[in-house]
Structures are given as C-alpha cells and as structure tokens.
Amino acid sequence: RNWNEKLSINRYSHCCAPTTVDQNIDRIREFLALHQKVVLKPLDGMGGKSVFVTHTDDPNRNVILETLTNGGQSMIMAQKYIPEITAGDKRIIMIGGQPIPYALARIPLAGEGRANLAAGGTGVGVELTKRDRWICEQVGPDLIAAGLYFVGLDVIGDYLTEINVTS
C-alpha cells in the first residue's frame, strides 16, 4: 500500500520522462501544451485500461481529460509520450532487488498506443540494456528496504514508467 504502482516512480524522477499527477484539467492542459503528446492514465488502472495517448490537436483531448479526472475530481497521471514504445514496453523482473537478465518487451499492435498484453500486445524476450541495469540499480536497494522482493519495473526507451508491486 505504500508503493502505488504509478506514483512510486516519482521517487526516481531522474529515471523518468516528464510526468505530472493532477486533477486540475487546466494544469494538465498546460503539461500537454508543453510536451505536445502525452499518455494519460488513471492511478489505479492496470492492463492498459483507460490509458489514452493524446496530443495538442486531438479533438477528443478535452473529453478524455474530463472523463479521466471525473470533471476535475480524480487525480490522473500524465507522462510525456515516449516514441520508443513502438519497440516495446519492457517489464523487468526484480527478485531480491536484482534484475533477471532478460525483460519481456510488450510490443503494441500497429496503430495502438498501449503495449499491454491484455490490449493485444505481443511479448518478446529482450536482453537488458546498460540503461535498464542503471535504472534497476537506482530502484533495487529501496525495494529491499521496503520488503518488496518480487517487483516488475516498466521501462520504455530510457525511462522508468511504473513500478509494479502487485502479484
């Protein structure tokens, strides 16, 4: 309960793409205007449910924001869009604070913004990169200190996007 899977990445902002968490629609619009293309998601979702990719010219951006924030009442996460998603959203398994040497890269369907297997993504085993290992080194000691021995880190391109502790 102390490691929200979306919010816990804020402990490692040096490993993440620009991210904000807010319920204020105007501030989220400002974040969108700054980054041009973003991923919006609820804080309690999984499997790609209610995850949206939007951009400044998207005619649906306002209804997406209104719906996800429940009219400004619910907090959501906005992350700068990471184009390397086309190469996959890697799930790196950490056991005892250490990564296993391969990750599951979830490759999105053509034209799909979500790579989740539940959303039709395809799983491919990939070797960890130097940057992946560096991210694991940043997070691993804190996982052990918190008593979290089996964890999945989500990494897109060079960026940590989630820390999954629910198994």
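Residues numbered from 1 in each chain as written. Predicted model: local features only at pLDDT ≥ 70, side-chain atom pairs only at ≥ 80, totals over all residues. Heavy atoms only, no water.

## Looking at unusual backbone geometry
Worth spelling out the cut-off: Only runs of H or I of at least four residues qualify as helices and only runs of E of at least two qualify as strands under DSSP, and these elements are numbered from the N terminus.
Unusually for a residue other than glycine, Gln-36 sits at a positive phi of about 70 degrees. Mapped onto the elements, Gln-36 comes out in the loop between α1 (25-35) and β2 (37-42). Backbone geometry at Asn-70 places phi at a positive 55 degrees, although glycine is not the residue there.

## Examining the packing of aromatic side chains
Where we set the bar: Under the pairing criterion, centres of Phe, Tyr and Trp rings, with the six-membered ring standing for Trp, must be within 6.5 Å; the plane angle then separates stacked pairs below 30 degrees from edge-to-face pairs above 60, leaving the rest tilted. Over a ring means this: the NZ of a Lys or the CZ of an Arg is within 6 Å of the ring centre and within 35 degrees of the ring normal.
Per the stated rule, a full pass over the model turns up zero aromatic pairs. One residue, Arg-11, lies across the ring of Trp-3, its end atom 4.0 Å from the ring centre. Lying over the aromatic face of Tyr-81, Lys-37 brings its terminal NZ or CZ to 4.1 Å of the ring centre.

## Looking at the nonpolar core
Where we set the bar: To define a nonpolar core, start from buried Ala, Val, Leu, Ile, Met, Phe, Trp, Tyr and Cys residues and group those joined through side-chain atoms within 4.5 Å. The buried label applies to any residue whose accessible area, calculated with a 1.4 Å probe on protein chains only, is under 20% of its type's maximum; exposed applies above 50%, and partly exposed to all values in between. By definition, residues are in contact when any of their heavy atoms lie within 4.5 Å.
Residues Val-139, Leu-143, Leu-153, Leu-160 and Ile-163 are the most contacted members of the largest nonpolar core, which totals 21 residues. Take this core: its biggest share by element is four residues, from helix α3 (residues 130-145). Aside from chain neighbours lying at most four places away, what touches Ile-163 is Trp-3, Glu-5, Ser-8, Ile-9, Tyr-12, Val-139, Leu-143, Val-151, Gly-152 and Leu-153. Of all hydrophobic cores here, the second largest spans eleven residues; its members include Ile-25, Ile-28, Leu-40 and Leu-68.

## Here's the deal with the pattern of salt bridges
As a reminder of what qualifies: Basic side-chain nitrogens of Lys or Arg form a salt bridge, by our definition, when they fall within 4 Å of a carboxyl oxygen of Asp or Glu.
Scanning the entire structure with this criterion turns up eight salt bridges. One salt bridge connects Arg-106 with Asp-89, and the closest N-O pair in it is separated by 3.2 Å. With Arg-106 in strand β7 (residues 102-107) and Asp-89 in strand β5 (residues 89-95), this pair connects stretches of sequence that are 17 residues apart. Comparing Arg-106 with Asp-89 shows no difference in burial state: the two are buried. Two residues, Lys-90 and Asp-132, come together in a salt bridge whose shortest N-O distance is 2.8 Å. A residue pair is termed long-range when its members are at least 10 positions apart, and Lys-90 in strand β5 and Asp-132 in helix α3 qualify at 42 residues. By relative accessible area, which is 10% here, Lys-90 ends up buried. Residue classification places Asp-132 among the buried residues on the basis of a relative accessible area of 0%. Among the charged side chains, a salt-bridge network with shared partners connects Asp-89, Arg-91, Arg-106 and Asp-154.

## What to know about the side chain of Asn-164
Rules: Between N or O atoms, a polar contact is any pair within 3.5 Å; within protein, one atom must be a potential hydrogen donor and the other a potential acceptor, and residues adjacent in sequence are included only when both atoms are from side chains.
Mapped onto the secondary structure, Asn-164 falls in strand β10 (residues 159-164). Judged by relative accessible area, Asn-164 falls into the buried class, the value being 10%. Here Asp-154 takes part through its side chain, which lies 3.2 Å from a polar atom of the side chain of Asn-164. Not counting the four nearest positions on each side in its chain, Asn-164 is found in contact with Glu-5, Arg-91, Val-151, Gly-152 and Asp-154.

## Re the packing of α1 against helix α2 (residues 61-68)
This is how it is decided: Throughout, an axis means a line fitted to C-alpha atoms (over the contacting stretch in the case of helices), and angles, computed between N-to-C directions, take values from 0 to 180 degrees. Our angle categories are set so that under 35 degrees counts as roughly parallel, over 145 as roughly antiparallel, 65 to 115 as roughly perpendicular, and the remainder as oblique. For a crossing to be left-handed, the near helix must be turned anticlockwise from the far one by less than a right angle; the clockwise case is right-handed. Basically, the charged four are Asp, Glu, Lys and Arg, the nonpolar ten are Ala, Val, Leu, Ile, Met, Phe, Trp, Tyr, Cys and Pro, and anything else, Gly included, counts as polar.
Packing of α1 against α2 brings their axes to within 11 Å, and their N-to-C directions diverge by 135 degrees. One element, α1, and the other, α2, form an angle in the oblique class. For the pair α1 and α2, the sense of crossing is right-handed. Along its contact with α1, which presents Ile-25, Ile-28, Arg-29 and Leu-32, the element α2 presents Arg-61, Asn-62, Leu-65 and Glu-66. For the contact of α1 with α2, the class distribution of residues is four nonpolar, one polar and three charged.

## Quick word on the pairing of β10
Under the convention used in this document: Here a strand pair is declared whenever DSSP counts at least two bridges between the two strands.
Along β10, five of the six residues are buried, which leaves the element largely enclosed by surrounding structure. Here strand β9 (residues 150-156) runs beside β10; their pairing, made up of five bridges, is antiparallel. Within the sheet, the bridge partner assigned to Val-155 lies in β10 and is Leu-160.

On their own, these measurements won't tell you what the molecule is for.
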